[in-house]
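# Examination of the molecular architecture
So you can see what is in the structure, the chains are spelled out below.
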Amino acid sequence: MFDTLEGYIQPGTVEAELVQQIDFTRLPVHVAIIMDGNGRWARQRNLPRTEGHKAGSEAVKEVVEASARLGIKYLTLYAFSHENWKRPPDEVNTLWGLLHRYLSEESRVLMENDLKLKVIGDRKGIPYPVRRELARVERLTRGNRRMTVVLALNYGGRQEIIRAIKKLLGRGKIKEIDEEIFSRYLDTAGLPDPDLLIRTSGEMRLSNFLLWQSAYTELWITPVLWPDFRKKDLFMAIIDYQKRERRFGGIQPVEKSGRS
Ligand code: FPP
């Protein structure tokens, strides 16, 4: 069970030292990650880009486990963007193949560890075999409570906002609109906004990820390439996040996160 750090972190290691610095009463509730740098990781090793994505899938497994063990409640991973279709067909097929494999192989792990799967993005454009597998795993895990793993697939923040507006317009006469009502029409309805957004490989942009939801999210950017991202990097991001004062536009720090 991914329910504790005991036995998972070896005494005397860098990880153990980092864990001691984490305040478990002030964890980010929702961590979102832009997993970037798979291609560069492969190039550095003279490997095809697809090998970078395969190694990236292994990093996903480690981060899911570490997040659940820490007590993070929501983990959102940007796995296939609306713009990723521009890549060569071979790379696109590998990515969807890896996602299919992840779902088939990890559904048991999700069940054993009380993890729920949720998808955000435009489902209609997702290749049918992956869509079918997603529906199966979402149905299977819907009662799970420890942590929700949100996969952003065929996802773009602008496209999500337009989809939400279309849904709203489809409801006929709109009498009232505010942030809370609008949020209910987004793919992320029911999820809290991310507290912490991690981006790997040193790029300093949002790349169309959670544009509405990240209005007050703390950003943490690391030069580490995604396939090299390990639990210690996640711990470092959380320690840095906990040093920040979140004021949400006001002048007083606001305590919004913590174990729920
Ligand atoms: C960005 O690296 C990464 C992606 C476009 C895909 C992310 C996918 C995975 C980590 C693997 C599958 C996911 C799961 C959930 C099993 P890049 O290719 O843009 O890297 P580069 O900028 O160095 O070229």
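The structure this text deals with has already been given above.
Nothing here was measured: the structure is a model prediction, and the numbers come from that model. (Residues numbered from 1 in each chain as written. Predicted model: local features only at pLDDT ≥ 70, side-chain atom pairs only at ≥ 80, totals over all residues. Heavy atoms only, no water.)

## A word on the site of the ligand
Using the following cut-off: Here a residue is near a molecule or strand as soon as one of its heavy atoms is found within 4 Å of it. In the analysis that follows, any N or O atom pair within 3.5 Å is treated as a polar contact, provided that within protein one partner can donate a hydrogen and the other can accept it, and provided that, for residues neighboring in sequence, both atoms belong to side chains. In these tables, accessible area is a Shrake-Rupley quantity obtained with a 1.4 Å probe, and a residue counts as shielded only by the protein chains included in the view. Only DSSP runs of H or I covering at least 4 residues are called helices, and only runs of E covering at least 2 are called strands; the numbering of each starts at the N terminus. Each residue is assigned to one class: nonpolar for Ala, Val, Leu, Ile, Met, Phe, Trp, Tyr, Cys and Pro, charged for Asp, Glu, Lys and Arg, and polar for all the others, Gly among them.
In the vicinity of the ligand, 19 residues are found, and the nearest of them are M35, G39, R40, R49 and R87. G37 places a main-chain nitrogen or oxygen 3.3 Å from an oxygen atom of the ligand. Notes on the ligand: free accessible area 630 Å², of which the protein chains cover 92%. Contributions of two or more residues to the shell around the ligand are made by α2 (38-44), α3 (49-70) and α4 (89-112). The element that contributes the greatest number of residues to the shell around the ligand is α3, accounting for five residues. Its residues placed into classes, the shell around the ligand shows eight nonpolar, seven polar and four charged.

## Here we look at the packing of aromatic side chains
Here is the rule: Here a pair means two rings of Phe, Tyr or Trp (six-membered ring of Trp) with centres within 6.5 Å. Their orientation is stacked below 30 degrees between planes, edge-to-face above 60, and tilted elsewhere. Categorising residues by exposure relies on relative accessible area from a 1.4 Å probe, with only protein chains included: less than 20% of the type maximum marks a residue as buried, more than 50% marks it as exposed, and the intermediate range marks it as partly exposed.
Following the criterion strictly, the structure yields nine aromatic pairs and no others. Ring geometry for Y78 versus F209: centroids 4.2 Å apart, planes at 10 degrees, classification stacked. Here F209 lies in the loop between β5 (196-199) and β6 (218-221) and Y78 lies in strand β2 (residues 74-81), a separation of 131 residues in the sequence. Here Y78 matches F209 in class, with each residue buried.

## A short note on the sheet that holds β5
Sheets are built from strands that pair by backbone hydrogen bonding, the pairs being arranged parallel or antiparallel. Counted only if it meets this: Paired strands, in this sense, are two strands between which DSSP finds at least two bridges. A fitted line through C-alpha atoms serves as each axis, taken over the contacting stretch for helices, and the angle formed by two N-to-C directions is quoted from 0 to 180°.
Reading across from one edge, β3-β4-β2-β1-β5-β6 is the order of the six strands in this open sheet, with parallel pairing throughout. The strands lining the two open edges of the sheet, one partner per strand, are β3 (115-120) and β6. Strand after strand, the sheet turns through a mean of 20 degrees between neighbouring axes, direction not considered. Two strands pair when backbone bridges link them, and β5 and β6 are joined in this way by four bridges, in the parallel orientation. Considered in β6, the bridge of R199 is made with I221.

## Quick notes on the environment of L151
Put simply, the rule reads: Should any heavy atoms of two residues lie within 4.5 Å, those residues are counted as being in contact.
Inspection of the secondary structure puts L151 in strand β4 (residues 147-155). For the pair L151 and A79, spaced 72 residues apart in sequence, the C-alpha to C-alpha distance is 6.4 Å. In this view, L151 contacts L77, L103, L117, K118, V119 and I120; residues no more than four positions away in its chain are not counted.

## Side note on a nonpolar patch on the surface
Our working rule: Like-charged residues are merged into a patch within 9 Å and nonpolar side chains (Val, Leu, Ile, Met, Phe, Trp, Tyr) within 5 Å, provided each residue has over 30% relative accessible area and no salt bridge. Between Lys or Arg on one side and Asp or Glu on the other, a salt bridge is scored when a side-chain nitrogen of the former is within 4 Å of a carboxyl oxygen of the latter.
Together, I162, I165, L169, I174 and I177 make up an exposed nonpolar region whose accessible area comes to about 450 Å². As for its position among the elements, I165 is in helix α6 (residues 157-170). Owing to a relative accessible area of 35%, I165 belongs among the partly exposed residues under this scheme.

## Examining the side chain of R69
Mapped onto the fold, R69 is located in helix α3. Overall, the relative accessible area of 14% leaves R69 in the buried class. At a separation of 2.8 Å, a polar atom in the side chain of R69 contacts the side chain of E65.

## Examining the environment of G125
By the secondary structure assignment, G125 is in the loop between β3 and α5 (128-141). The spatial distance from the C-alpha of G125 to the C-alpha of H82 is 9.3 Å, given a sequence separation of 43 residues. Once residues within four sequence positions are removed from consideration, G125 is found in contact with W85 and N154.

By themselves these figures say nothing about function.
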